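Inside the fold
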Amino acid sequence: MKAVRLHTYGGPLAFDEIHPPVIADNEVLVKIRSTAINHLDLVEASGAAREVFPIDLPWIPGHEFSGIVERVGKDAGGFAPGDAVFGNSTSGAFAEYMAVEPAAIVGKPPNLSFDEAASVPVAAQTAWQGIFTHGHLKTGQTILIHGGAGAVGAYAVQFAAQVGAIVVVTASGDDEAYLKAIGANRVIDYRTSKFETELADRVDVVFDLIGGETQQRSFQVLKKGGYLVAANQPVSREEAAKHGVTGTLMNLTPSAELLGRIATMLEDGRLRTDVATVYSLADVAQAWSDMAGGPASAARTRPRHGKVVLRVA
Ligand SMILES: NC(=O)c1ccc[n+]([C@@H]2O[C@H](COP(=O)([O-])OP(=O)(O)OC[C@H]3O[C@@H](n4cnc5c(N)ncnc54)[C@H](OP(=O)(O)O)[C@@H]3O)[C@@H](O)[C@H]2O)c1
């Protein structure tokens, strides 16, 4: 099968021909239709944080996918060949086939394309666990979401609005209409304004998808007893104690039960997903550099929301 592999930390991605996986009795073989790139793939591949995110080389990136069940191990229940599924993996989705445990997959919402479905698992579950599991967000509370127009942020905005929270978002001003359409009450343009001077009242929860000085300044706007949930850098214990808040660096814990609930919301239209760009697997190098370029990428033309997806088949 074709697979995208990294042979050395920081090296180029190779488009290799390798043997397809042989499934164990408790596994399911999925023919991958689409996968998506996450910032974590790039961090893992760079080797910059190899103590925290170790990988075995050669390594196949890819933490989420959609596809069709091809074969089912004799002890793997719940699925049959031909089922359309989506789910999470610790890596390995940039390939034509993947062996997964049934607990890692759920049925694909029929109204979503395979590209759309592949864009959901990491971002949507991170958003859910960030604001509810770690942020303890409740109806009537106010949440400030930094980076709300990004892949994770857009789900966080939708979930927070659905629970009846007041949703304040920092984002580029160009994203205001998009964010209001998905449930934000207020958008603060991070390029022109300082959220700590714009906000008249303190907030109950900050969901920080940006880090750095954005995180440092966030302590000023949190109520005592509030929660600062960070997605990409640890929260200073000293600062959290000084301000009387709980600070957490979250780490997504994928759950088929949660992904199943998210699938229901996508199917009944309560939740929307966005795909920014779709590349073919053969164009992975371009997709990878587009993702690495981030906001400053020359390839980026606004508006563009959601994930960078790779179409495998
Ligand atoms: N801990 C976990 O389990 C976990 C899981 C998934 C993701 N993450 C992390 O979460 C972060 C967000 O991921 P993502 O996939 O949502 O990223 P993304 O799609 O690239 O979105 C980033 C967003 O942040 C905006 N932005 C940039 N600088 C900003 C600032 N100073 N203030 C407010 N908004 C700003 C960008 O807007 P412009 O383009 O207009 O600047 C963009 O809309 C990443 O660091 C990722 O590694 C963590």
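Residues numbered from 1 in each chain as written. Predicted model: local features only at pLDDT ≥ 70, side-chain atom pairs only at ≥ 80, totals over all residues. Heavy atoms only, no water.

1. Digging into the overall build of the protein chain
Helix and strand counts for the protein chain come out as ten helices and 15 strands. Taken against the 2.2 N^0.38 rule, which gives 20 Å for 313 residues, the C-alpha radius of gyration of the protein chain at 20 Å falls within 12% of a compact globule. Overall size of the protein chain, expressed as C-alpha extent along the three principal axes, is 60 × 40 × 35 Å. Looking at the protein chain as a whole, 51% of its 313 residues are labelled buried. (Helix = DSSP H or I, 4+ residues; strand = E, 2+ residues; numbered from the N terminus. Rg over C-alpha atoms; globule rule 2.2 N^0.38 Å. Buried < 20%, exposed > 50% of the residue type's maximum accessible area, 1.4 Å probe, protein only.)

2. Details of the environment of Leu137
Along the chain, the position of Leu137 falls in the loop between α3 (121-134) and β8 (142-146). The exposure class of Leu137 is buried, given its relative accessible area of 6%. Taking the C-alpha atoms as reference points, Leu137 and Val205, 68 residues apart in sequence, are found 6.8 Å from one another. Apart from the residues within four sequence positions on either side, Leu137 is in contact with Ile131, Phe132, Ile143, Ala160, Val163, Ala165 and Val205. (Contact = heavy atoms within 4.5 Å.)

3. Remarks on the domain arrangement of the protein chain
Structurally, the protein chain comprises domain 1 (2-120 + 273-311) and domain 2 (123-249). For domain 1 and domain 2, the distance between their C-alpha centroids amounts to 28 Å. Contact with domain 1, which involves ten residues of that partner, is made by ten residues of domain 2. Our enumeration of links across domain 1 and domain 2 arrives at zero salt bridges. Viewed at the interface, domain 2 and domain 1 are joined by six residue pairs in polar contact (both at pLDDT 80 or more). (Domains from an automatic or database assignment. Salt bridge = Lys/Arg side-chain N within 4 Å of Asp/Glu carboxyl O. Polar contact = N/O pair within 3.5 Å; in protein donor to acceptor, adjacent residues only side chain to side chain.)

4. Thoughts on helix α4 (residues 151-162)
The end-to-end C-alpha distance of α4 is 18 Å, a good match for the 16 Å that twelve residues give at a rise of 1.5 Å each. Burial analysis of α4 places nine of its twelve residues in the buried class, which makes it a mostly covered element. Among the residues of α4, those classed as buried are Val152, Gly153, Ala154, Tyr155, Ala156, Val157, Gln158, Phe159 and Ala160. Note on α4: the residue one or two positions beyond its end, Gly164, has a positive phi of about 90°. (Expected span 1.5 Å × (residues − 1).)

5. Quick word on the pattern of salt bridges
Applying the stated criterion across every chain, the model contains 15 salt bridges. Notably, a salt bridge pairs Lys242 with Glu239, separated by 3.3 Å at the nearest N-O pair. A residue pair is termed a helical-turn pair when its members lie 3 or 4 positions apart in one helix, as Lys242 and Glu239 do in helix α8 (residues 237-243) at three residues. Given the relative accessible area of 59%, Lys242 is considered exposed. Through salt bridges with shared partners, one network takes in Asp25, Lys74 and Asp75.

6. What to know about the sheet that holds strand β13 (residues 246-249)
On the basis of which strands lie adjacent, the open sheet formed by six strands has the order β10-β9-β8-β11-β12-β13 and parallel pairing. With one partner strand each, in any of the chains shown, β10 (186-189) and β13 form the two edges of the open sheet. With direction set aside, neighbouring strand axes in the sheet form an average angle of 15°. Pairing geometry for strand β12 (residues 222-230) and β13, over four bridges, is parallel. Paired with Val229 across the bridge in β13 is Thr248. Contacting β8, β11 (203-208), β12 and β13, α3 crosses the sheet at an angle of about 150° to β11. (Pairing = 2+ DSSP bridges. Axes fitted to C-alpha atoms, helices over the stretch in contact; angles between N-to-C directions.)

7. Observations concerning the nonpolar core
Counting residues in hydrophobic clusters, the biggest one holds 43 residues, and the most contacted among them are Val120, Ile131, Ile143, Ile145, Phe159, Leu179 and Phe207. At the level of secondary structure, the elements contributing two or more residues to this core comprise α3, β8, α4, β9 (166-171), α5 (176-181), β11 and α9 (256-267). Looking at this core, the element that brings in the most residues is α4, giving seven residues. Three or more residues apiece are contributed to this core by two domains, here domain 1 (2-120 + 273-311) and domain 2 (123-249). Phe159 has contacts with Ala124, Ala127, Trp128, Ile131, Phe132, Ile262, Met265 and Leu271, leaving out every residue within four places of it along the chain. (Core = buried A, V, L, I, M, F, W, Y, C linked by side-chain atoms within 4.5 Å.)

8. Observations concerning the environment of Gln220
Summarising the element assignment, Gln220 is placed in the loop between α7 (212-218) and β12. Look at Gln220 and you get partly exposed, because its relative accessible area is 44%. Between the C-alpha atom of Gln220 and that of His7, which follows or precedes it by 213 residues, the distance is 45 Å. Contacts of Gln220, omitting those with residues within four sequence positions, involve Glu196 and Arg202.

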